[in-house]
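Inside the fold
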Amino acid sequence: MAEELTFISGSKEEQYLSLLPQVRSLIEGEVDLVANLANVAAALKEAFDFFWVGFYLVKQDQLVLGPFQGPVACTRIRKGKGVCGTAWQEGATLLVPDVEVFPGHIACSSLSRSEIVVPLIKDGEVWGVLDIDSDLLNFFDETDRKYLEEMCGYLSK
């Protein structure tokens, strides 16, 4: 298990390419889900200085707040509600350049301006979502989608 991660400067893609093998190594062999989610949230927050990064886990008919880094957050989100609930319902990653124009956006923090939500899928079922917020408009792009989906795949194995 790694005790510290190495972060590089460079393009966003270069940063992800450096971080991915470190995250894989960090969670490899650890069977505790909460520990792995906590370490992935911390690694992403530290690497990219996102405003908020964390996980929501499916519990019956709601997403329930899991491990995260950042300010306090909404505790429960219904399926189909807000960006997280919609990503859960659709089983697809959502990139939201401006949260103010997303229909039904749930404002856990007024400082959040853009968001990406990646569903965690195993055996065809969404069991949680990775939610990342930025305090900047239009912050997330296809590079984030590609590498965050890959990282979430590690968590679903």
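Coordinates for the structure precede this section.
Residues numbered from 1 in each chain as written. Predicted model: local features only at pLDDT ≥ 70, side-chain atom pairs only at ≥ 80, totals over all residues. Heavy atoms only, no water.

1. Quick notes on the packing of aromatic side chains
According to the stated counting rule, one finds eight aromatic pairs in the structure shown. Where tyrosine 16 meets phenylalanine 48, the ring centres are 4.5 Å apart and the plane angle is 35°; that geometry is what we call tilted. Of this pair, tyrosine 16 sits in helix α1 (residues 12–27) while phenylalanine 48 is found in helix α2 (residues 33–48), placing the two residues 32 residues apart along the sequence. Classification of tyrosine 16 as buried rests on a relative accessible area of 0%. Plain terms: the ring middles of phenylalanine 50 and phenylalanine 140 are 5.7 Å apart, the flat faces sit at 45° to each other, and that makes the pair tilted. Note that phenylalanine 50 is positioned in the loop between α2 and β1 (52–59) and phenylalanine 140 in the loop between β6 (125–134) and α4 (142–155), a separation of 90 residues in sequence. Both residues of the pair, phenylalanine 50 and phenylalanine 140, belong to the buried class. Chaining the aromatic ring pairs together yields one cluster made of Tyr16, Phe48, Phe50, Phe139, Phe140 and Tyr147. Lying across the ring of phenylalanine 139, lysine 12 places its NZ or CZ 5.2 Å from the centre. (Phe/Tyr/Trp six-rings, centres within 6.5 Å; stacked < 30°, edge-to-face > 60°. Helix = DSSP H or I, 4+ residues; strand = E, 2+ residues; numbered from the N terminus. Buried < 20%, exposed > 50% of the residue type's maximum accessible area, 1.4 Å probe, protein only. Lys NZ or Arg CZ within 6 Å of the ring centre and 35° of its normal.)

2. Looking at the packing of α1 against α2
Relative to each other, α1 and α2 sit at 155°, their axes nearing to 11 Å. Looking at the two axes, α1 sits roughly antiparallel to α2. Seen along the crossing, α1 lies across α2 with a hand that is right-handed. Packed against α1, whose contacting residues are Lys12, Gln15, Tyr16, Leu19, Val23, Leu26 and Ile27, the element α2 presents Asn36, Asn39, Val40, Ala43, Leu44, Ala47 and Phe48 at the interface. Considering only residue class, the contact of α1 with α2 consists of 10 nonpolar, three polar and one charged. (Axes fitted to C-alpha atoms, helices over the stretch in contact; angles between N-to-C directions. Parallel < 35°, antiparallel > 145°, perpendicular 65-115°, else oblique. Left-handed = near helix turned anticlockwise from the far one by under 90°. Contact = heavy atoms within 4.5 Å. Nonpolar A, V, L, I, M, F, W, Y, C, P; charged D, E, K, R; others polar.)

3. A closer look at the state of the cysteines
Evaluated as defined, the whole model comprises zero disulfides. Between cysteine 152, a cysteine without a disulfide, and cysteine 84, which holds the nearest cysteine sulfur, the sulfur-to-sulfur distance is 12 Å. (Disulfide = S-S within 2.5 Å.)

4. Quick notes on α1
Between its first and last C-alpha atoms α1 spans 22 Å; for 16 residues at 1.5 Å apiece the expected length is 22 Å, and the two agree. Of all the bends in α1, the largest measures some 25° and sits at leucine 19, one to four residues before the proline proline 21. When we look at burial in α1, the residues that qualify are Tyr16, Ser18, Leu19, Leu20, Gln22, Val23, Leu26 and Ile27. Backbone geometry just after α1 places glycine 29 at a positive phi near 85°. (Expected span 1.5 Å × (residues − 1). Bend = angle between axes of the 7 residues up to and from the residue.)

5. Some thoughts on the pattern of salt bridges
Summed over the entire model, instances satisfying the criterion amount to four salt bridges. Its salt-bridge partner being lysine 12, residue aspartate 141 comes within 3.4 Å of it at the nearest N-O pair. Residue aspartate 141 is found in the loop between β6 and α4, and its partner lysine 12 is found in helix α1; the two are separated by 129 residues along the sequence. For aspartate 141, a relative accessible area of 31% translates into the label partly exposed. Notably, a salt bridge pairs aspartate 144 with lysine 12, separated by 2.6 Å at the nearest N-O pair. In this pair, aspartate 144 is assigned in helix α4 and lysine 12 in helix α1, connecting sequence segments 132 residues apart. Its relative accessible area of 1% is what places aspartate 144 among the buried residues. Judged by relative accessible area, lysine 12 falls into the partly exposed class, the value being 22%. Each of Lys12, Asp141 and Asp144 takes part in salt bridges that share partners, so that together they form one network. (Salt bridge = Lys/Arg side-chain N within 4 Å of Asp/Glu carboxyl O.)

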